[in-house]
Amino acid sequence: MKTQSPTNIAQNAARRNLAQLNRMRWIAVAGQLLAIWGTVVLLDVSTLPWGQMLPVVGFLIFLNLFSAWRLRRGHPITDLTVTAELLMDVASLTILLYLSGGASNPFVSLFILQVILAIVLLPQGHAALILLATIAAHFWLTGNGVPLPLPHLWHGAGPSFLDLHLQGMFLSFLLAASLLTWFVTRITANLRDRDAQIQALRQQMLEEDHLVRLGLLSSGAAHELGTPLTTLAVTLDDWQTLGAPQGDELDDKIAVMQRELSRCRQIVSEMLLSSGQERLDEAQAMRARAFLEAAIEGLALPVRISFDMRCDPVIMADPMLEQAVRQLVDNAAEAGSRNIRISLSPGGTEQLALVIEDDGPGFPDAILADPGQPFQSDKDGAGRGLGLFLTGNVMRRLNGEMRLANLRHGAQVTLLLPTLETAA
């Protein structure tokens, strides 16, 4: 199953909520037309300005059709879209109530329906806007509205005005309660579905984070294993070609090989131990300079590493970031660099620029064009080219960024890291 991003999940939830709002608006339109017809025909209220009310109902029909068209065309739907449509619903209801008695109309209580919908569908600020709009509309209707005289009062027959008002209040309650029950039930289902998708996305991110960690550890271990395994291979080739030495020389060679084997076992053990550790459990705040020195410490490379540390802010020292730095230095050495320069400088607002420069051949054009693709490398061998891909993934998870560039003589990798305090 393809997992969506948080933005897509939020937009899909907004689309489903808007679709439910459209369905409820169709019910409201049908109810408004029925109320106009019942007032004119059944109650014989010929003074009802139905000719002015029908265009308002027509506007709501147009709004619903336009909204359904946007949903079918796949246009982005946001909380602002839902807020705007609810405001138009409030305005339409205000006009209809104004033309049918103002605040004395028992259906004025339908304003509460708009408020509840806003609370369920929208963020706090947008819901507050709908609340203020309904309060202002209700207050304005208290002193304004086209009077709606009932003929039953003129002839002294039929139900009294109070009876009709109570019946209208009951119908208003029945309509609002039914619509709210129907609407909120479906919205709750939408929210549960959205929460399930977000949980699935979080689980996928945790799994991908673990896979990236394993990839970095494996790639780093492969680099570190290269030196001792090369020593063992060269020694065994010499023995095969020239024969095994004798006496003290043999003992020295065997001692060297045993040290290299111990180093191999240590590298594999460290990788297995690190693979079982959770990233956030191991992350800790520390000075960038101390983190960098710890990351470089222990690298046995035939290169000269110089430092230019113009700032020393506090960063979140993540084991994956440490492995990524070691990976980049290893890559530079393997590419033929003899000098590597590492610098720390401000990279922007609350950012640190960790720059690694070398005097090697530089990056191929394919990598510079799209550094996010795996298995892009000018080195022979299966599985090459994962280092930059994994480093880019690590930076995205740390809310940072990786940038690649070629210098006049060499390559440059810039890691933009978020800082926890202003650089010192």
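Remember, it's a predicted structure, so these values are computed and weren't measured experimentally.

A. Seen up close, the overall build of the chain. Assigned secondary structure in the chain consists of 13 helices and seven strands. For the chain, with 424 residues in total, the buried portion stands at 39%. When the accessible surface of the chain is summed, it comes to about 23200 Å², and 60% of that surface belongs to carbon and sulfur atoms.

B. Spotlight on the packing of aromatic side chains. In this structure the tally under the stated criterion is three aromatic pairs. Here a set of aromatic residues connected by ring pairs shows up, and it is made of Phe62, Phe66 and Trp69.

C. Quick look at helix α3 (residues 79-98). If you check α3, its first and last C-alpha atoms are 29 Å apart, about what 20 residues at 1.5 Å a residue would give, namely 28 Å. Residues of α3 that are buried: Thr81, Val82, Thr83, Glu85, Leu86, Asp89, Val90, Ser92, Leu93, Thr94, Leu96 and Leu97.

D. Molecular detail of the pattern of salt bridges. Applying the stated criterion to the full structure yields four salt bridges. Across the salt bridge formed by Arg25 and Glu85, the nearest N and O atoms sit 3.2 Å from each other. In this pair, Arg25 sits in helix α1 (residues 6-42) while Glu85 sits in helix α3, placing the two residues 60 residues apart along the sequence. On the basis of relative accessible area, Arg25 is assigned to the buried category, the value being 3%. According to the relative accessible area criterion, Glu85 is buried, its value standing at 5%. Across the salt bridge formed by Arg403 and Glu401, the nearest N and O atoms sit 3.1 Å from each other. Given the relative accessible area of 44%, Arg403 is considered partly exposed. Each member of the salt-bridge network shares a partner with another, and the members are Arg25, Glu85 and Asp89.

E. Representation of the environment of Phe139 in the model. Turning to its location among the elements, Phe139 is positioned in helix α5 (residues 124-142). We classify Phe139 as exposed; its relative accessible area is 67%. Spatially, the C-alpha atoms of Phe139 and Ala103 are 8.3 Å apart, while their sequence positions differ by 36 residues.

F. Focus on the pairing of strand β7 (residues 410-418). Summarising burial for β7: eight of the nine residues are buried, a large majority. With seven bridges joining them, strand β5 (residues 351-358) and β7 adopt antiparallel strand pairing. Bridging from a neighbouring strand, Leu354 pairs with Leu415 of β7. Where strand β6 (residues 401-407) and β7 come together, seven bridges link them in antiparallel fashion. Looking across to β7, one finds that Met402 is bridged to Leu415. The antiparallel hairpin formed by β6 and β7 contains two residues in its connecting segment.

G. The environment of Val40, seen in detail. In this structure, Val40 sits in helix α1. Given a relative accessible area of 25%, Val40 falls into the partly exposed group. Taking the C-alpha atoms as reference points, Val40 and Trp50, 10 residues apart in sequence, are found 8.2 Å from one another. Ignoring sequence-local partners within four residues, the contact set of Val40 consists of Val45, Leu48 and Trp50.

H. Fine view of the nonpolar core. Residues Val325, Leu354 and Leu415 are the most contacted members of the largest nonpolar core, which totals 36 residues. At the level of secondary structure, the elements contributing two or more residues to this core comprise α10 (288-296), β3 (314-317), α11 (319-334), β4 (339-348), β5, α13 (386-397), β6 and β7. If one sorts the elements of this core by residue count, α11 sits on top with seven residues. Residues in contact with Leu415, not counting those within four places in the same chain, are Leu321, Val325, Leu328, Leu352, Ala353, Leu354, Thr391, Met395, Glu401 and Met402. Judged by nonpolar contacts, the second largest core, of 20 residues, contains Ala19, Val82, Leu86 and Leu113.

I. Summary view of the packing of helix α2 (residues 50-73) against α3. Packing of α2 against α3 brings their axes to within 9 Å, and their N-to-C directions diverge by 165 degrees. By the criterion of interaxial angle, the relationship of α2 to α3 is roughly antiparallel. When the axes of α2 and α3 are compared, the crossing they make is left-handed. Within the contact between the two elements, α2 uses Met53, Val56, Val57, Phe59, Leu60, Leu63, Ser67 and Arg70 and α3 uses Thr81, Glu85, Met88, Asp89, Ser92, Ile95 and Leu96. When grouped by side-chain class, the residues that make up the contact of α2 with α3 number nine nonpolar, three polar and three charged.

J. Spotlight on the side chain of Ser67. Within the fold, Ser67 resides in helix α2. For Ser67, a relative accessible area of 1% translates into the label buried. A polar contact is formed between the side chain of Ser67 and the side chain of Asn22, at a distance of 3.0 Å. The residues touching Ser67, leaving out its near neighbours within four places in the chain, are Leu18, Asn22 and Glu85.

Definitions and cut-offs
- Residues numbered from 1 in each chain as written.
- Predicted model: local features only at pLDDT ≥ 70, side-chain atom pairs only at ≥ 80, totals over all residues.
- Heavy atoms only, no water.
- Helix = DSSP H or I, 4+ residues; strand = E, 2+ residues; numbered from the N terminus.
- Buried < 20%, exposed > 50% of the residue type's maximum accessible area, 1.4 Å probe, protein only.
- Areas by Shrake-Rupley, 256 points an atom, 1.4 Å probe, with all protein chains shown as cover.
- Phe/Tyr/Trp six-rings, centres within 6.5 Å; stacked < 30°, edge-to-face > 60°.
- Expected span 1.5 Å × (residues − 1).
- Salt bridge = Lys/Arg side-chain N within 4 Å of Asp/Glu carboxyl O.
- Pairing = 2+ DSSP bridges.
- Contact = heavy atoms within 4.5 Å.
- Core = buried A, V, L, I, M, F, W, Y, C linked by side-chain atoms within 4.5 Å.
- Axes fitted to C-alpha atoms, helices over the stretch in contact; angles between N-to-C directions.
- Parallel < 35°, antiparallel > 145°, perpendicular 65-115°, else oblique.
- Left-handed = near helix turned anticlockwise from the far one by under 90°.
- Nonpolar A, V, L, I, M, F, W, Y, C, P; charged D, E, K, R; others polar.
- Polar contact = N/O pair within 3.5 Å; in protein donor to acceptor, adjacent residues only side chain to side chain.

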